[in-house]
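Reading the structure
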Amino acid sequence: MQGSLGVRQKTALAVRRPLAETTRKALFTHPDMVISYQMLFGAYSGVVPDGIDGLGLEDIEWSSSSEMLLNTSSAEHPARA
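Residues numbered from 1 in each chain as written. Predicted model: local features only at pLDDT ≥ 70, side-chain atom pairs only at ≥ 80, totals over all residues. Heavy atoms only, no water.

1. Here we look at the overall build of the protein chain
If you tally the helices and strands in the protein chain, you get three helices and two strands. Mapped in sequence order, the helices and strands of the protein chain form the string α-α-α-β-β. Residue pairs in contact within the protein chain that sit at least 24 positions apart in sequence constitute 15% of those at least 6 positions apart. (Helix = DSSP H or I, 4+ residues; strand = E, 2+ residues; numbered from the N terminus. Contact = heavy atoms within 4.5 Å.)

Okay, here's the thing in structure tokens:
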């Protein structure tokens, strides 16, 4: 059975599945790797794991081209306290 591009559906699936798996692995890292990066970030920044988990994009402010400030105060985020 021919698909819309003139390629058999079985052939298209055989090509797309490995490509999709490779892309998924590149975009979404393994949870062990995420935890490792969080621990490394915590060690460098001094922020405790609960503080890292509670950080959002609105809590990060660039102070120069290579430095940023983290807002970890729960006073500005009462729902997180």
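2. Considering a nonpolar patch on the surface
Residues Met33, Tyr37, Leu40 and Tyr44 make up a contiguous nonpolar surface patch of about 500 Å² in total accessible area. Considering the arrangement of structural elements, one finds Tyr37 in helix H2 (residues 31–45). (Patch = residues over 30% accessible without salt bridge, like charges linked within 9 Å, V, L, I, M, F, W, Y side chains within 5 Å. Areas by Shrake-Rupley, 256 points an atom, 1.4 Å probe, with all protein chains shown as cover. Salt bridge = Lys/Arg side-chain N within 4 Å of Asp/Glu carboxyl O.)

3. Quick notes on the pattern of salt bridges
This structure, assessed with the given rule, holds one salt bridge. As a salt-bridge pair, Glu21 and Arg24 come within 2.8 Å of each other at their nearest N and O atoms. Here Glu21 pairs with Arg24, and both are found in helix H1 (residues 9–27), just three residues apart, close to one helical turn. For Glu21, a relative accessible area of 36% translates into the label partly exposed. For Arg24, a relative accessible area of 41% translates into the label partly exposed. (Buried < 20%, exposed > 50% of the residue type's maximum accessible area, 1.4 Å probe, protein only.)

4. Quick look at the environment of Glu61
Considering the arrangement of structural elements, one finds Glu61 in strand S1 (residues 60–62). Residues Glu61 and Asn71, spaced ten residues apart in sequence, show a C-alpha to C-alpha distance of 8.1 Å. Those residues in contact with Glu61 that lie beyond four places of it in its chain are Met68 and Leu69.

5. Thoughts on the environment of Met68
As for its position among the elements, Met68 is in strand S2 (residues 68–70). Beyond its immediate stretch of four places on either side in the chain, Met68 contacts Ile60, Glu61, Trp62 and Ser63.

6. Regarding H2
Helix length check: H2, at 15 residues, gives a terminal C-alpha distance of 21 Å against a target of 21 Å (1.5 Å per residue), a fit within 8%. Positioned one or two residues after H2, Gly46 has a phi angle of 85 degrees, which is positive. (Expected span 1.5 Å × (residues − 1).)

7. A short note on the confidence of the model for the protein chain
Residue-level pLDDT values for the protein chain average 77, and 79% of them are 70 or greater. For the protein chain, the element scoring lowest by mean pLDDT is helix H3 (residues 49–54), at 76; S1 scores highest, at 87. (pLDDT = per-residue confidence, 0-100.)

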